[in-house]
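Next come the chains, spelled out residue by residue.
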Amino acid sequence: MGSSILLANIGVPGIRNLKAYRASGGYSAVEKALREMTPAQVAQEVTRSGLRGRGGAGFPTGLKWSFLDRKTDKPRYLVCNADESEPGTFKDRFLMDKIPHLLIEGLILSSYALGVNNCYIYIRGEFKYLVGILEKAIREAHQNRFLGEKILGSDFSLNIFVHPGAGAYICGEETALLESLEGKRGNPRIKPPFPAFKGLYGCPTVVNNVETLATVGPIISMGGEEYAKIGKGKSTGTKLISACGNINNPGVYEIEMGLLLDDFIYSPAYCGGIAKGKKLKAVIPGGSSVPILPADLILRTLNGQKRLMTYESLAEGEFASGTMLGSGGFIVFDEDACIVRNTWNLTRFYRHESCGQCSPCREGTSWMENVLYRLEHGSGKLSDIDLLVRVAKNIEGNTICPLGDAAAWPVASAIRHFRHEFEEHVKNA
Amino acid sequence: MDNHLLIKENKPVAFSAETLETINQLSKRYPEGERKSILLPVLHMAQEELGGYLTIDILDYVASLVGISPVEVYEVATFYSMYYLDKVGKYVLEVCRTGPCAICGGERIADYLREVLKIKTGETTADGLFTLREVECLGGCGYAPVMQVNTEFYEYLTNEKVDKILSDLRAGAEKETDQQKRWVAQFSSQI
Ligand SMILES: Cc1cc2nc3c(=O)[nH]c(=O)nc-3n(C[C@H](O)[C@H](O)[C@H](O)COP(=O)(O)O)c2cc1C
Ligand code: SF4
Ligand code: FES
């Protein structure tokens, strides 16, 4: 299962530069598309590939593109979401750092498919050093006529601009991102209208994740049908997984979808097992927002099936005994990790990052943080545990954007699977 | 989101000609009538070049440059965590405090920094050199524990590494590369 599509060439010396990227076959997908394919054909290959959004929600990319309003005479925009702030997630940074032209190539192809002439990469401000790397790649692409007016002599023109954020997790949410790009606070917008109709500057807009867009080049090169043969079922292709926590080999791995969870955690090719010879306690497999699962449930589903790295397998059992693939931010906890402390820590994160627009999220996250603080610091009561469950339930589904859910799920799942630990914290206080 | 009081210093502020030109170029990246989009990058440059933190004087200057009202700048400056509205030291040490770093020793690194710098989180050393902040996930969880110093990443931190970083910063030799790390130097693809 050592399939490598996005990261296949990262070992090539100088691959950050256009010359080496070209020499290893880079930009041939752009040449192919602009010379031999219509925009609709490019979009169709993406649909055929079964590619699903790599930013967290796993929404089919081809379908998302089909919603873009093409009836107005307003300009259309493509915005690349490089905000990457979900705790546990550091894959987009790796990709942009190692092989920036792969993203630029994907942006050109996607813009061509969508009829977009101006594309923005919104990148979190803390990745300042990557701004320079991306800008240099863009400059090189211009110099080689892959960007600018009439690309490669076609009728298609495109500019790509890098735009830094300034520290706010919420700006990864697509409508908050658009507000931020317009020079405002990152307050998510009420949907509808969806960005496909009213996005950046009130114009039809597609927002996609870095990894999603970087995958478009390889899809055009190999053909959507070939891409769809990689992976398993509706989880086609490969996925970047950023692995962290108490493991021997933290880092970014490209896996073919369908890899056994067991292999991912224990194989020396991936996480290499739990650090310091300790035992596995729990995993949050898709970024801090997805439910945490204890060791037995992450390795096997409730009915004893070995779990796979796919959207479907990780979700099996739904919230009662499953979780989500999410962004691929894979956080591993060893036997010494304290679930109560970690839940308090993550809740503090969501409280800090709540934009404050809706009361269930603003008040609920502070309330949960306070209760978790006292449980962790020895002054909690047993009734606090059910209180947390209630508050989490009252946030879930009652907010403008999914940050509310993202704050509720970690608390609800930690108590669902580790209630005894919360109780022990009260008893041993 | 945290609450802030803005500082007013009544000092004249102005960008260099080079930065003004970069801002002029940057504004061409956005459509007619959408000049406000340059606000976040301009605030980054302002903080970096005009003293390390954002005062009312600077925010008002930025408002006039961007062509928007001061309150539109205040509400943005108070929203984003990378903008400092309090006086900070020459080097701002931002240690990640979020889960993945915390389970890999991040909390101990923050403790150690407080111990050796003899300050609490949020404070600045008496010599005005270091400010210590604790921030949320920096997108480097696999290289934990992580901190940024003036937006530069330092990873796999240990106490020994922290000692070395601090003594290097104290030695203060401004490297030539520091110029290339400025915000203005990042936007090289201007068209
Ligand atoms: C609170 C919050 C934070 C998010 N952060 C990110 C992020 O950092 N990067 C990202 O690509 N998507 C993030 N998303 C998802 C985006 O809203 C959006 O769905 C995604 O960029 C779509 O791209 P995709 O379909 O290619 O995955 C976030 C969503 C929420 C609710
Ligand atoms: S759910 Fe939270 S982050 Fe999202 S809009 Fe409401 S208050 Fe803001
Ligand atoms: S948790 Fe520290 S960098 Fe992500």
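Cut-offs applied
- Residues numbered from 1 in each chain as written.
- Chains lettered and ligands numbered in written order.
- Predicted model: local features only at pLDDT ≥ 70, side-chain atom pairs only at ≥ 80, totals over all residues.
- Heavy atoms only, no water.
- Domains from an automatic or database assignment.
- Buried < 20%, exposed > 50% of the residue type's maximum accessible area, 1.4 Å probe, protein only.
- Helix = DSSP H or I, 4+ residues; strand = E, 2+ residues; numbered from the N terminus.
- Pairing = 2+ DSSP bridges.
- Right-handed = clockwise from strand over helix to strand, strands pointing away.
- Near = heavy atom within 4 Å.
- 1 Å grid on protein atoms, 1.4 Å probe; cavity = no way out; pocket = protein on both sides within 12 Å on 5 of 7 lines; lining within 4 Å.
- Sits in = over half its atoms within 2 Å of the grid points.
- Phe/Tyr/Trp six-rings, centres within 6.5 Å; stacked < 30°, edge-to-face > 60°.
- Lys NZ or Arg CZ within 6 Å of the ring centre and 35° of its normal.

**Q** Would you mind going over the domain arrangement of chain B with me for this structure?
**A** Many structure descriptions define interface size as the accessible area lost when the parts assemble. Assigned domains of chain B: these are domain 1 (17-77) and domain 2 (91-171). Its C-alpha centre places domain 1 of chain B at a distance of 29 Å from the equivalent point of domain 2 of chain B.

**Q** Which parts of the structure should I look at to understand the pairing of strand 2 (residues 118-123) of chain A?
**A** If a strand is regular, its side chains alternate between the two faces of the sheet. Residue and element names in this part refer to chain A. Counting buried positions over the six residues of strand 2 gives five, a clear majority of the element. With six bridges joining them, strand 1 (residues 77-82) and strand 2 adopt parallel strand pairing. Paired with Leu 78 across the strands is Cys 119, a residue of strand 2. Relative to strand 3 (residues 159-164), strand 2 runs parallel, the two sharing six bridges. Across the sheet, Cys 119 pairs through a bridge with Ile 160, a residue of strand 3. Handedness of the crossover is the feature at issue here: the chain leaves strand 2, passes through helix 7 (residues 128-143), returns alongside strand 3, and the resulting connection is right-handed.

**Q** Is there a simple way to explain the sheet that holds strand 8 (residues 251-256) of chain A in this structure?
**A** Adjacent strands of a sheet form backbone hydrogen bonds with each other and so pair up, either parallel or antiparallel. Here we have five strands laid out as an open sheet, ordered 8-7-11-9-10 (chain A), and mixed in their pairing. Of all the strands in the sheet, the pair left with one neighbour each is strand 8 and strand 10 (293-294) of chain A.

**Q** I would appreciate a short explanation of the site of ligand 2 in the present structure.
**A** As a structural note, the neighbourhood of ligand 2 is formed by 13 residues, with A:Cys355, A:Cys358, A:Cys361, A:Thr399 and A:Cys401 the closest of them. When each cavity is represented as a set of grid points, ligand 2 is found to reside in the largest cavity.

**Q** Just checking my understanding: could you explain the environment of A:Asn394 for this structure?
**A** Structurally, A:Asn394 is set in helix 18 (residues 383-395). When the C-alpha positions of A:Asn394 and A:Ser366 are compared, they lie 13 Å apart, and in sequence the two are 28 residues distant.

**Q** Would you explain the packing of aromatic side chains in this entry?
**A** Two aromatic rings are characterised by how far apart their centres lie and by the angle between their planes. All told, the structure shown has 26 aromatic pairs over all chains when counted by the stated rule. A ring pair is formed by A:Phe59 and A:Phe67, whose centres lie 6.2 Å apart and whose planes are at 45°; its orientation type is tilted. Here the aromatic cluster, defined as three or more aromatic residues joined through ring pairs, consists of A:Tyr77, A:Tyr120, A:Phe161, A:Tyr201 and B:Tyr30. Sitting over the face of the ring of A:Tyr311, A:Arg52 holds its NZ or CZ atom 4.1 Å from the ring centroid. Its guanidinium or amino end placed over the ring of A:Trp344, A:Arg348 lies 5.1 Å from that ring's centre, counting from NZ or CZ.

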